[in-house]
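A structural walkthrough
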Number of protein chains: 2
Amino acid sequence: MAEYMESLQHLAEQFGKLEGVGRKTAMRLAYSVVDMSVEDATAFADAIRVAKERIHLCPVCQNLTDRELCPVCRDDSRDRSTVCVVADAKAVLAMEKVREYRGVYHVLHGLISPMNGVTPDNIKIRELLTRVGEGEVEELIVATNPTIEGEATAMYISRLMKPLGVKVTRLAYGIPVGADLEYADEVTLCRALEGRRSVED
Amino acid sequence: MAEYMESLQHLAEQFGKLEGVGRKTAMRLAYSVVDMSVEDATAFADAIRVAKERIHLCPVCQNLTDRELCPVCRDDSRDRSTVCVVADAKAVLAMEKVREYRGVYHVLHGLISPMNGVTPDNIKIRELLTRVGEGEVEELIVATNPTIEGEATAMYISRLMKPLGVKVTRLAYGIPVGADLEYADEVTLCRALEGRRSVED
């Protein structure tokens, strides 16, 4: 019974390749496509093709864009001496929502992870080095997630940049605003203590 | 910033039309497509088109199929006098997993829901009536979910079939196997009591 609709199975397999989509969800999504009107399904298929065709990496910061440069690199009012280094394009969107940040970005498209076979050569570190080498960059704010891979990547970049005289900083760790101390994990609490600041700051 | 990649936004909107996909998930899935290789993205778009083109309703039971008849209706060993009535094609898969059931199916493609404007005319009830009218059917097992809509649909079918002399049954309600009485809701417990059977059964 399970193999009877090859085209549905095949579609479910395609959905299964997407991030965070398991076997059951993939099947549900495939059924959902079959329930769509022909127009909607065609529009969906076209949207995939068009997005994949048009979207490429910004040659300056490696962020995703469908124009020549990404909107941040196009914007003359941004401060090109400060570069926020992030793991992926979604992190750029998250940072941009804050509206506080006026520097530019560099998207690594991954994090160093020897366990998963990801070396510095597999992510956009060479591009970062070239960019810093051009002399305009004064500070790199490494905004990778506080995970093992995020930390390892931050450390690697920091060591790489040392001889170049570029300041490398890391986003502050601490208790999330509005959170309860009671529920903070020990590592976060420990980092929050280490990073404590004077109230008159 | 948010509107900068029209093609990505458009793709996310298409994902958002799928069942159970919210705005954030849709965006994550769209990014996931951009991260795919060109070959994978093309295969994905093609799979949508092919599935939509090939899959249609079985003219007998209204289940989804990519052949002339669905596999159950094609199978000569199935008992055509017993028809299990389900809301959608996914329910057929769930029932088939049991391997106990040797009858055939009828897929309604929805449940009666006046609140959402779904009347008996919007689901495959007319096809069920035609099928029963052909005289081979002796029992309809209504296996819609035990929700308000599922109950209303079961009730409607039961009343519709009464004059035709067809036996209409409903799946048994009760405590799920392996579940703890303590966590069963009152309605289920009440139904389980009503449906109690002699141990010597």
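A short tour of the structure in this document, coming up. This is a predicted model, so every value here is computed, not measured. (Residues numbered from 1 in each chain as written. Chains lettered and ligands numbered in written order. Predicted model: local features only at pLDDT ≥ 70, side-chain atom pairs only at ≥ 80, totals over all residues. Heavy atoms only, no water.)

1. A closer look at the packing of aromatic side chains
- Summed over the entire model, instances satisfying the criterion amount to 8 aromatic pairs over all chains.
- With a centroid separation of 5.0 Å and 80 degrees between ring planes, the pair formed by Phe15(A) and Phe44(B) is classed as edge-to-face. With Phe15(A) in helix α1 (residues 6-16) and Phe44(B) in helix α3 (residues 38-54), the pair connects residues from two separate chains.
- The class of Phe15(A) is buried, set by a relative accessible area of 0%.
- Ring centres of Phe44(A) and Phe44(B) lie 6.2 Å apart, and the angle between their planes is 75 degrees; this geometry places the pair in the edge-to-face category. With Phe44(A) in helix α3 (residues 38-54) and Phe44(B) in helix α3, this pair bridges two chains.
- Assessed through its relative accessible area of 0%, Phe44(A) is described here as buried.
- Following the ring pairs from residue to residue traces out a cluster consisting of Phe15(A), Phe44(A), Phe15(B) and Phe44(B). (Phe/Tyr/Trp six-rings, centres within 6.5 Å; stacked < 30°, edge-to-face > 60°. Helix = DSSP H or I, 4+ residues; strand = E, 2+ residues; numbered from the N terminus. Buried < 20%, exposed > 50% of the residue type's maximum accessible area, 1.4 Å probe, protein only.)

2. Topic: the pairing of strand β3 (residues 79-86) of chain B
All names here are of chain B.
- In terms of residue burial, β3 counts as a mostly covered element, since 6 of its 8 residues are buried.
- Relative to strand β4 (residues 103-107), β3 runs parallel, the two being bridged by 5 bridges. Bridge pairing in β4 links Val85 to His106.
- Read from β3 through helix α5 (residues 89-98) to β4, the crossover connection turns out right-handed.
- Where β3 meets strand β5 (residues 139-142), 4 bridges bridge the pair, whose relative direction is parallel. Each bridged residue has a counterpart across the sheet, and for Cys84 the counterpart in β5 is Ile141. (Pairing = 2+ DSSP bridges. Right-handed = clockwise from strand over helix to strand, strands pointing away.)

3. Some words on the sheet that holds strand β5 (residues 139-142) of chain A
Residues and elements named next belong to chain A.
- In space, the 4 strands of this open sheet follow the order β4-β3-β5-β6, with parallel pairing throughout. For this open sheet the edge positions go to β4 (103-107) and β6 (167-170), each flanked by a neighbour on one side alone. In this sheet, adjacent strand axes meet at a mean angle of 30 degrees when their direction is disregarded.
- In the packing of helix α6 (residues 125-133) onto the sheet, contacts are made with β3 (79-86), β4 and β5, and the angle to β4 comes to roughly 145 degrees.
- Along the sheet, helix α7 (residues 148-161) makes contact with β3, β5 and β6, crossing β6 at roughly 165 degrees. (Axes fitted to C-alpha atoms, helices over the stretch in contact; angles between N-to-C directions. Contact = heavy atoms within 4.5 Å.)

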